[in-house]
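Residue strings, one per chain:
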Amino acid sequence: MHSLGFHEGEQEVQRRAGVTDEAARLEGMLLPPNLEGGLTLFLAKRTLAALTARDQAGRLWTSLLCGEPGFLEAHGSSLIVHTAPGAEDPFRETPPGQTVGLLTIDFAIRRRVRVNGLLTRSDPGILRLEADQAFGNCPAYIQQRTLTSDTTAVTGRVGEHQAPGHVLTPEDEQVIRQADTFFLGTTHPTRGTDTSHKGGNPGFVRIEDGTIWWPDYAGNNLFNSLGNISANSAAALLFIDFSSGRLIQLSGTAEIEWVKPGSPGDDGGTGRRVRFHPQQARTSWTSLGAESVALSPHNPQVDV
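The present account deals with the structure reproduced in this document.

## With respect to the packing of aromatic side chains
Logical step 1: Counting across every chain of the model gives six aromatic pairs.
Logical step 2: Where Tyr 141 meets Tyr 217, the ring centres are 5.2 Å apart and the plane angle is 55°; that geometry is what we call tilted. Placement of the pair is Tyr 141 in the loop between strand 7 (126-137) and strand 8 (144-147) and Tyr 217 in the loop between strand 13 (211-215) and helix 5 (224-231), with a sequence separation of 76 residues. Each of the two residues, Tyr 141 as well as Tyr 217, counts as buried.
Logical step 3: Through pairs of rings, three or more aromatic residues link up here, namely Tyr 141, Phe 182, Phe 204, Trp 214, Tyr 217 and Phe 239.
Logical step 4: When the ring centre of Phe 42 is taken as origin, the NZ or CZ atom of Arg 111, which lies over that ring, is 4.3 Å away.

## Examining the side chain of Thr 62
Logical step 1: Residue placement: Thr 62 occurs in strand 2 (residues 60-66).
Logical step 2: Using a relative accessible area of 0% as the deciding quantity, one classes Thr 62 as buried.
Logical step 3: A polar side-chain atom of Thr 62 sits 2.7 Å from a polar atom in the side chain of Thr 52.

## Things to note about unusual backbone geometry
Logical step 1: Not every positive phi belongs to a glycine, and Arg 110 is a case in point at roughly 55°.
Logical step 2: Here Arg 110 shows up in the loop between strand 5 (99-106) and strand 6 (111-123).
Logical step 3: Arg 110 sits in the buried class, given a relative accessible area of 17%.

## Comments concerning helix 3 (residues 38-45)
Residue pairs spaced three or four apart in an α-helix point in one direction, given the helix's 3.6 residues per turn.
Logical step 1: The set of residues buried in helix 3 consists of Leu 39, Thr 40, Phe 42 and Leu 43. The arc that holds every buried residue of helix 3, seen down its axis, measures 165°, which confines them to one face. Facing away from the buried surface of helix 3 by more than 90 degrees, the exposed residues are Leu 41 and Lys 45.
Logical step 2: Buried residues belonging to helix 3 abut strand 3 (72-75), strand 4 (78-81), strand 5, strand 6 and strand 7.

## Some points on the pairing of strand 3
Logical step 1: Only one face of strand 3 is buried, namely the one carrying Leu 72 and Ala 74, since none of Glu 73 and His 75 on the opposite face is buried.
Logical step 2: Note: strand 3 against strand 4, four bridges, orientation antiparallel. Note that in strand 4 the partner of Ala 74 across the bridge is Leu 79.
Logical step 3: Hairpin geometry of strand 3 and strand 4 is characterised by an intervening segment of two residues between the two adjacent antiparallel strands and by a positive phi of about 60° at Gly 76.

## Looking at the pattern of salt bridges
Logical step 1: Tallying each qualifying case throughout the model produces 13 salt bridges.
Logical step 2: Ionic pairing is found between Arg 206 and Asp 267, a salt bridge with its closest N-O pair at 2.9 Å. Placement of the pair is Arg 206 in strand 12 (residues 206-208) and Asp 267 in the loop between strand 15 (246-258) and strand 16 (272-286), with a sequence separation of 61 residues. By the burial criterion, Arg 206 is buried, and Asp 267 matches it.
Logical step 3: Taken together, the shared-partner salt bridges connect Lys 198, Asp 216 and Arg 272 into one network.

## Examining the sheet that holds strand 3
Logical step 1: Spatially, 2-1-5-6-7-4-3 is the arrangement adopted by the seven strands of the open sheet, whose pairing is antiparallel. The two strands at the open ends of the sheet, each matched to only one other strand, are strand 2 and strand 3. When strand polarity is set aside, the average angle formed by the axes of neighbouring strands in this sheet is 30°.
Logical step 2: Note: strand 1 (residues 48-54) against strand 5, four bridges, orientation antiparallel. Residue pairing in the sheet places Ala 49 in a bridge with Thr 104 of strand 5.
Logical step 3: Sitting on the sheet, helix 3 touches strand 3, strand 4, strand 5, strand 6 and strand 7, and the angle it makes with strand 6 is about 75°.

## Focus: helix 1 (residues 8-17)
Logical step 1: Listed in full, the buried residues belonging to helix 1 are Gly 9, Glu 10, Val 13 and Gln 14. Across the axial projection of helix 1, the buried residues extend over an arc of 130°, all falling on one side.

## What about the environment of Ile 207?
Logical step 1: Its location among the elements puts Ile 207 in strand 12.
Logical step 2: On the basis of relative accessibility, which here comes to 11%, the residue Ile 207 falls in the buried class.
Logical step 3: For the pair Ile 207 and Val 81, spaced 126 residues apart in sequence, the C-alpha to C-alpha distance is 34 Å.
Logical step 4: If we skip the residues at most four places from it in the chain, Ile 207 touches Leu 168, Glu 173, Ile 176, Arg 177 and Ile 212.

## Topic: the packing of helix 1 against helix 5
Logical step 1: It is the contact of helix 1 with helix 5, at a shortest axis distance of 7 Å, that shows an interaxial angle of 110°. Comparing their axes, helix 5 and helix 1 come out roughly perpendicular. Judged by the twist between their axes, the crossing of helix 1 over helix 5 is right-handed. Contacts between helix 1 and helix 5 involve Glu 8, Gly 9, Glu 10, Glu 12 and Val 13 from the first element and Asn 224, Leu 226, Gly 227, Ser 230 and Ala 231 from the second.
Logical step 2: Classifying every residue of the contact of helix 1 with helix 5 gives three nonpolar, four polar and three charged.

Thresholds applied
Residues numbered from 1 in each chain as written. Predicted model: local features only at pLDDT ≥ 70, side-chain atom pairs only at ≥ 80, totals over all residues. Heavy atoms only, no water. Phe/Tyr/Trp six-rings, centres within 6.5 Å; stacked < 30°, edge-to-face > 60°. Helix = DSSP H or I, 4+ residues; strand = E, 2+ residues; numbered from the N terminus. Buried < 20%, exposed > 50% of the residue type's maximum accessible area, 1.4 Å probe, protein only. Lys NZ or Arg CZ within 6 Å of the ring centre and 35° of its normal. Polar contact = N/O pair within 3.5 Å; in protein donor to acceptor, adjacent residues only side chain to side chain. Arc of directions from axis to C-beta. Contact = heavy atoms within 4.5 Å. Pairing = 2+ DSSP bridges. Salt bridge = Lys/Arg side-chain N within 4 Å of Asp/Glu carboxyl O. Axes fitted to C-alpha atoms, helices over the stretch in contact; angles between N-to-C directions. Parallel < 35°, antiparallel > 145°, perpendicular 65-115°, else oblique. Left-handed = near helix turned anticlockwise from the far one by under 90°. Nonpolar A, V, L, I, M, F, W, Y, C, P; charged D, E, K, R; others polar.

Purely geometric stuff here, so don't read any function into it on its own.
Rendered as structure tokens:
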């Protein structure tokens, strides 16, 4: 699998947003990568990553991966992940041969890197990804956090909810409404899977009639996530409550809503929002936490 420029979903969103020319200037970011130099060093120092893939039933999820520095080991176009999801995670037996999207982030310096490609190995305690794309994103909307040194991932599952219309518990809703950070997983039928970071002031994620929606803020104009959603509605969300250690994983579908710029809830003034329809939820706990937080100065004010 190799990227050949933007796919039809990305092109459609770029066209509708009026940024086709701006996006074209960045198309080189999608070329097959070489995970060497500074990128290798950045990956090697990380202790946290979010991985999007399909479970054995074919459902899309985004999971938290944690480890000591060095658990992300890059060589050429290969990324070896020296950990694996826990026994209660949807990816406890992640099928190899599928496309996956991994994002690792340093909250302290507001830097993130995405590595997308083919999962060629999935064994207990180790994953191997052959990268098709690898690139960084700007620091906008990343809340500055100092993570605790404990990098234990999931410590136990609390519950699983599948009933249509009753997926979110009141506790889930409280965490989501207060969130300033979450991870979004999307996929394209032939062009791969992606994990992206989404951030904003607390309250930027809304819950309405059992669905979750958030305004799309201005970014690099590539529209990797929205382009995938335009072509394929499958999506996944991962919320981390850094104060309590509560993890919420949601699997479902997403759609793009185009609204009048500046209309109620259009915090960033882009005229775009994403609405997510949860179909399954998993709630678990992690010992990962954060000692402090400084909201990004790029965050728009939440229109309440």
